[in-house]
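# Observations on the model geometry
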Amino acid sequence: MRSFGTHVLILVIILGKVNGVSFYGDGYIHLRTVESSVQTSVHIRFRTSAPSGLLFVAAGDRDFLLVELISGHLQIRLDLGSGERFIQSEKHLHLNDLAWHAMQLSHDRHNLTLTVDRNSHTHLQLPGPDLELSLVDGLFVGDRAWLTHPYLQNSTLGFRGCMDEVVFNEHNLLSSLRPYSGYKSVYEVSLGCSPQFSATDEDPISFYSSKSFISFPTWEVPQEGVFQCEILPFMGEADGVVLYSVGIHGVFVAIEVQNSHLMATVGKGKRKIKLRSVVQLKSKVTWHPVELRLLPHEMYLKVGEEIMTANLTVELQSIQLKGSLFIGGLSEQARSEARRSGLLSIQPEGQLGSFKGCLREMKVNGQKMGIPHTTVTKDVTLECDRRDVTAMTTSPTVATRMDDTTGQPANTRKHPQFLVLKRLEVAEGGRASLEPKHIKVNLNYRKLQIHPSQLRFRVEGQPLHGHLRVDLLSDSDTDEDQELAGSERDLSFSVVDLWQGRVMYVHSGSEEPSDFFMFSVFSHGKKELPFFLKSNRLHRFDISISPVNDAPVLSLPEGNMFTMLENSTRQLTSEVVRVTDPDSAAEDLVFNSLADIRTEAGHLEHLDYPGRPINIFSLQDLESNKIRFVHTGVSNIRLPLRVSDGEKFSNTVTLRITAVPLDYQLVNNSGLEVGQGGSVVISTNQLAIRLNVANQGLDFRYDVTELPIYGELQRLHSSGEWKTITTFSQKLLDKERIRYVNTYYGLQSQNNATERPQKHGSKEDKEPEEHRFNISVQLVNDQKPVRVVDKVFHVAREGQRLVTLSDLRFQDQDSDFEDSWLVYTRRGVPMGELVQATDPNHKLFEFTQRDLEQNKVLFIHRGVSSGRFVLFVSDGKHYVSTLLEVMAQDPYLQVENNTGIVVQHGGVTILTSANLSVVSNLDIRDPEEVIFEVFLPPESGILHFIDGVELVTEADAVSTFTQEDLISGRLAYRHDGGQGMTDVFNVTARVRERSWGHDSHTGSAEERQEEKGEEGWSCLMVEHGNYPLQVHFVANKRLSKEKERKEFKSAVMGEEKAEHTGHYTHHPPSHYRTSECITACVPMPPQKPPLLPALDRSVPRTTPPQGDVQEASVHLSWSSSCERVLQNISSVRDGDAETLLSADSSSCSPAL
C-alpha cells in the first residue's frame, strides 16, 4: 500500500510540473545588444494553443530576424541587406496543439536551416552579397514592444503561451526575469506556465484586480452585432467596465456596472444614447444573463428578463468598430480613449475601470468566445465559483483564536478549519520567507499517523507579480542554482519546509500593491485521511506589497550623440532622454541641467517662453514636445542632465550636442508607372529627400520647372478636392496628398511621359537642385484594328497566287502596337485553300500580318469562280471580322500604270513603276519575272540603263527590261536634243505562268509553263517652249508597225481619220502660254462624251491567224499643266474586243 501511494505521488508531481515563462499577448522581454555576425543560431522551446503569435525578433535598422507562428506553422523572416527571405516549417506540422515544441534555426553565411522537433528540416539558400546580420535595437521575446520598423508592420500580434528556452548566439534570454536598467526590460510576463493557456471556452473568467481585462479581435457589426454573457460581480466591489469597443469617427460602445446596475452606452463626443437596467446585480450564486444587440437604427439591452430599446441618432447609426474588443476592463491606451469618451467608471476621480467579478458563456455574433480566442489577458484567473467561495473561507486572518491542543479554532468545532492563513508582508522588489505563522496547520499528526513532511502544499498557480522559490539545496549553492532547483521540481512544499524557512516569495518590482497565489493541500498516510485532505479544494494566500520610493532611472535610448543643424533649434523628446520611475507622475519628475543656463554653444528653451534660457523642466513638458535646444555658437558642447522625484535623484547622463552645416540628398527618385487615363499617388517611396541630420522639422519645397506632357500634378486639399499644382512640399509627400493624373486618351507617339527638372530647396540658404522625375505611361489597348486595303483578290482559275499587303491589310492605331503583330484567323474557304507558300501541303488556319508582308501566305483556287470567306483579325484584345472576296478568271496580264513622262529638251528622266507597270492574276513572286520587250523604240531618244556611264550612245539602247528595273529606278529615257517634241515607244510585257506545286524556276515541261503578254504604247512629252500635245491613240487589232507609226503621226499632226477597224479622235488644241512653257490641252464638250467611243460589238471581227500574238496598245500622255487623262484597253484575245474603259479630263488648268 505504501508502494502504491509513492507511485501516485510521483505521478502527481509529473503532471503538476510547471516550467517556463508565461506571455499573455502584450508581454515581452527585451535585451539591449549591438552585434553583427555571419553565423547565427536561435533555439526556442514553446507551448501554445494560439494559431498565431510573434515569438522572437532580432532587430536592426534594416537587417532583422523574425520568428513567428502563423496558422499553426512556424515562419522565419530574414533580411541581411539583400532583400527579405522566407522559410517555413513543413505544412503537416501543427504547432499550436499545447504540446512542447522546439525549433532550431542555423544561419551560416549563405545557408539557412530550420529544424522543428529534431525531425523536420527545411533549407534555404540565401543570395549575396550581404551575409552579415547587424543588430542595433537588440533582442525581443514575445512581442515587438515599441519598435516601429517597416518590416514589422505586417507581423503578427504578441505571443500567448509558454516559453522555457530562448537562446540567441549564447544569449539565454529566459535565464532570469530580473530587469536591469539600460540593459534588460521585462514587461507583463510571469514565471511558470499559466493554466489559462489550457482553458476552454466553457471556463468562467475571474477579473480580480483594478487593471484586469481580456481583449478579443475586432467586433464586426456589418448589419447586426450581438454580445451575450452571464455576469456575477464580487461582493462589495465598485463600478467597472464590462465591455468597450471604439469605432471609426469617434463612435464607441460600452457596458458598465454603475451602482450595481448595468448600463449600455453608444456615443460619439457629447452625444450619447444610454440604456440603464433597473435590475440590481447582487453577489449571489445566481448568474445574470446579459445581451447587447446593435442594429442599424437602434440598440437593445436585455438583463435577465428585462428588455430595453432605444433609437439611434443619425450620427450613431450603422456603427463600424475597429481595434480590439475589451472585456472586463481596458488597457492603458484604451483607458485614455475611454476617459475622453466620458465613461463614468474611468473618470480620473473614479476607479481605474476594471469590473471585478466573473463572466462566462460569452458569445460574439453567436460564436462562443473564451480564453482561447483572446489576444491579450491581464490579471485574470479561472474557476470563478471556487475562487469566490475559497476567498471567503480561507482568506488570511489575524484575529482567529486557535486551540493548540485540538488543532481547531475554538469557535468552529462543528466545521473544523484546519488552516489559518496570515498575509505575507513584502517590500516592493524584495523577498520574504513563508513561515509557520503565515500558514498555520491545526492537525493532530500523531492521531492521523502522518509525519509533517507528508503534509504538502501544491502551488496551483504562480503569483502574478513575483514568484515562489522552494530552496532544496545546501547553503553553499549559488542563488541562481537555488532558483533553478525550485523551477525544475514540482512547485510544492511541506510543513517541514515552512518550519525551516525554505519557501520564499520574490517580488518582481512592479507597482501593484498586492499579490496572491492559489494552493491545495494533500497528503497520504496509513490511516484513512479526513475528507479535507483528499479533496481538491483551492485556497488563496494573499501577499501585501509595501511600496518603496525608487529613484528615477535616466537613460539615452538613441545614444549620447545629439546632432542638429547649425544655428537652428531641435526638440528634446522622450526618445532622446527617457525616464523610468513608476512611483511618480510625469509632472512630479523634474529635469535639471547641470551646465550653465546659457553656454557659448546655445541653451535650452521652453516652447511657451521663446528666447528665455532655462535649466529646469518637467517630464510632462518633455513629453509634450515643449523643450528644445537652441544652437547659437560653437559646434560641440556637453549637456549633463539628471532627474529628481522630490526625494531622490537619478543617475546623471551627458548629452553630446554637435552642430553641423545643412546638407541633403535625393534618396528616392524611382519614378512612376501609371496606366493611360489613370492616376497614382506620389509618396516618399518614389520621391524623398534625406537630411544629414534627422528629426529637424524642416520642410522641403519642390518647384516643377517643366510640366508633364501627358498629364498633370494634383494636390488633395482638406475639402477632399484634387487641384492642379506646380509646387509641393515634402510633408505633402509624407501624407500622400500628391498624385499624377494621366489626361491623354488619344494616340501617343511614345509610351513614356516625363516630368523633367524639379527644383527643390528648404528654408536654409542652399542653392536649389534640379532633378528629373520619370513617369512611365502604360498605354491602353483601346483601338480596334481597321482595314485599310479592301479589294477583290484576283487569281487565275485553278491556279495560285500569293496574298500580300496589296491585297489585304489592317492597321491598329495603338501607338505601342505594330501592325505586323496582328493575327488573322480563318474558317472554311469554299473556293480554295490558304497554305504556306514554302509548303503548299500545309494548310494555314492562323497567320500574322508579318506573314503577309514576307510573302508566306499562298491562296490556291479550286471550285467556283467567285465567293467570299470570313477572316477574324485580333490585336490580342479586340477582335474584328472581315470578308475577303475572291475572283477566279482566266490568266491575264493588264497594264496598271502608263502615265508617260515629261522630259527637258536634251535631258534625261528616270522611268519607275509609277510610270509603267502591269498587274496580273498570276502567281508573280519576283518583279524580275515580268519582262518588257521594246518592239517599237522611241524616235527622238533612247531607252538605257543607269549604270554610271556619262556618255550614252545608240549602242546603249535597251530592247528588254524587267519590272524590277522600273522599281529600282534603273531605266531612263534620254532625249536626243532634236526637233521632236513628243516621243513614244511600244512594249510587250510577258510573264511566265506558275503551275501549282512547282516553282517557276524549275521544270522544263512546256505543259507547266505558258507566257502571257500585253503590248502598249508609252507616250513621252518634251518641254521646249513649243506645243507639247496630249495624244490619245487606241487600236483594237494588230496593225503593221509602219501603219501604226504612220497613223500615230497623222494623229499628232491633227489629221482626223476614222475607219471601221480603228478609232482615232483629235480636237484642235487650245493654247495656253505660261512663262515657262506653252501647253496644248484637249478640252472636252459639256456633255462629257467619252474620249473614245465604246467598241461596237456589231462590227465584224477580224480573226487573226492561229498562233498570232495578240497585242493591245495603251496610250497616255501627261502634262503638269493639265489633269491626268487615263485610258485603258483590255487585251484583245481571239478577235474578241473587251469592254473599253475610259476616264476623261473635264477641264484643263491654264497655268502650271
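Every chain begins its residue count from 1, and numbering advances along the sequence as written. Per-residue local features of the predicted model are confined to residues with pLDDT of at least 70, and side-chain atom pairs are confined, for both listing and counting, to 80 or more; whole-chain, interface and lining totals are unaffected and use all residues. Values shown for side chains rest on all heavy atoms present in the structure; no hydrogens or waters enter the calculation.

## Let's talk about the overall build of the protein chain
For the record, the criterion: Every helix listed is a DSSP run of H or I at least four residues long, and every strand listed is a run of E at least two residues long, numbered separately from the N terminus. Categorising residues by exposure relies on relative accessible area from a 1.4 Å probe, with only protein chains included: less than 20% of the type maximum marks a residue as buried, more than 50% marks it as exposed, and the intermediate range marks it as partly exposed. Using a 1.4 Å probe, the Shrake-Rupley method yields the accessible areas, and only the shown protein chains count as cover for residues.
A tally of helices and strands in the protein chain yields 11 helices and 91 strands. By residue count, 47% of the 1152 residues in the protein chain fall in the buried class. As displayed, the protein chain offers around 56800 Å² of accessible surface, 48% of which is attributable to carbon and sulfur atoms.

## Quick notes on the pairing of strand β77 (residues 908-911)
Going by this rule: Only strands joined by at least two bridges in the DSSP assignment are considered to pair.
Residues T909 and L911 of β77 are buried on one face, while the alternating residues V908 and I910, pointing to the opposite face, are not. In this sheet, strand β82 (residues 971-975) lies alongside β77 in antiparallel orientation, the contact comprising four bridges. By the bridge assignment for β82, V908 is matched with R974.

## Side note on the side chain of E833
Convention followed: Polar contacts, as used here, are pairs of N or O atoms within 3.5 Å; protein pairs need one atom able to donate a hydrogen and one able to accept it. Residues neighboring in sequence count only if both atoms are side-chain atoms. Contacts are assigned to residue pairs with any non-hydrogen atoms lying within 4.5 Å of each other.
Turning to its location among the elements, E833 is positioned in strand β70 (residues 832-836). Within the local environment of E833, its side chain forms a polar contact with the side chain of R826, the two groups lying 3.0 Å apart. Ignoring anything within four residues of it in the chain, the contact list for E833 reads R826, K843, L858, F859, I860 and R862.

## Focus: the packing of aromatic side chains
Here is the rule we go by: Here the aromatic set is Phe, Tyr and Trp, taking the six-membered ring for Trp, and pairing holds for ring centres within 6.5 Å; pairs whose planes are under 30 degrees apart are stacked, those over 60 apart are edge-to-face, and all others are tilted.
Tallying each qualifying case throughout the model produces 22 aromatic pairs. Aromatic side chains Y24 and F197 sit 5.7 Å apart centroid to centroid with 35° between the ring planes, which places their arrangement in the tilted category. Of this pair, Y24 sits in strand β1 (residues 21-31) while F197 sits in the loop between β15 (184-191) and β16 (205-207); the two residues are 173 residues apart in sequence, bridging distant segments of the chain. Overall, F197 belongs to the buried group, its relative accessible area being 5%. Arranged with centres 5.2 Å apart and planes meeting at 5°, the rings of Y824 and F847 form a pair that is stacked. Of this pair, Y824 sits in strand β69 (residues 823-826) while F847 sits in strand β71 (residues 846-848), and the two are 23 residues apart along the sequence. Just as Y824 is buried, F847 falls in that class too.

## Section: the confidence of the model for the protein chain
Test applied: Across the chain, each position has a pLDDT score giving the predictor's confidence in that residue, from 0 to 100.
For the protein chain, the mean per-residue pLDDT works out to 76, and 75% of the residues sit at or above 70. This model gives residues 1015-1041 a pLDDT under 50, and the stretch forms 117 contacts once residues within four places in sequence are excluded. Here residues 1051-1152 is a poorly scored stretch, pLDDT under 50, and it has 191 contacts once near neighbours within four places are set aside; other chains count.

## Some remarks on the sheet that holds strand β66 (residues 793-796)
Using the following cut-off: Where helices are involved, their axes are fitted lines through C-alpha atoms of the stretch in contact, as for all axes, and angles between N-to-C directions lie from 0 to 180°.
One open sheet accounts for five strands, arranged β66-β74-β73-β69-β71; its pairing is mixed. Looking at which strands have only one partner, the edges of the open sheet turn out to be β66 and β71. With strand direction ignored, the average angle separating the axes of adjacent strands in the sheet is 35°. Sheet topology places β66 next to strand β74 (residues 879-889); four bridges connect them, and they run parallel. By the bridge assignment for β74, A796 is matched with Q889.

## So, the sheet that holds strand β80 (residues 941-945)
Spatial ordering of the open sheet is given by β77-β82-β80, a layout of three strands whose pairing is antiparallel. At either end of the open sheet lies a strand with only one pairing partner, and these are β77 and β80. With direction set aside, neighbouring strand axes in the sheet form an average angle of 25°. With five bridges connecting them, β80 and β82 associate as antiparallel partners. Bridged to L943 within β82 is Y973.

## Focus: the state of the cysteines
Covalently bonding the sulfur atom of one cysteine to the sulfur atom of another cysteine gives a disulfide. The line we're drawing: Here, two cysteine sulfur atoms that lie within 2.5 Å of each other are counted as a disulfide.
The full count for this structure, using the stated rule, is one disulfide. Two residues share a disulfide in this structure: C162 and C193, whose sulfurs sit 1.9 Å from each other. Disulfide C162-C193: the torsion about the S-S bond is 90°, which places it as right-handed. Separated by 31 residues along the polypeptide, C162 in strand β13 (residues 160-168) and C193 in the loop between β15 and β16 bring together distant segments of the chain. A relative accessible area of 0% means that C162 is categorised as buried. Look at C193 and you get buried, because its relative accessible area is 14%.

## Structural notes on the nonpolar core
Defined as follows: Only buried Ala, Val, Leu, Ile, Met, Phe, Trp, Tyr and Cys residues count toward a nonpolar core, and they belong to the same one when joined by side-chain atoms within 4.5 Å.
If you look at the biggest cluster of nonpolar residues, it comprises 43 residues, and the most contacted ones within it are W219, M299 and I327. In terms of residues, this core owes the most to one element, strand β20 (residues 251-258), which gives four residues. In contact with I327, other than residues within four places in its own chain, are F207, F213, I214, F216, F227, V242, L243, L359 and M362. Formed by 38 residues, the second largest nonpolar core is a distinct cluster that contains V67, L78, L95 and F159.

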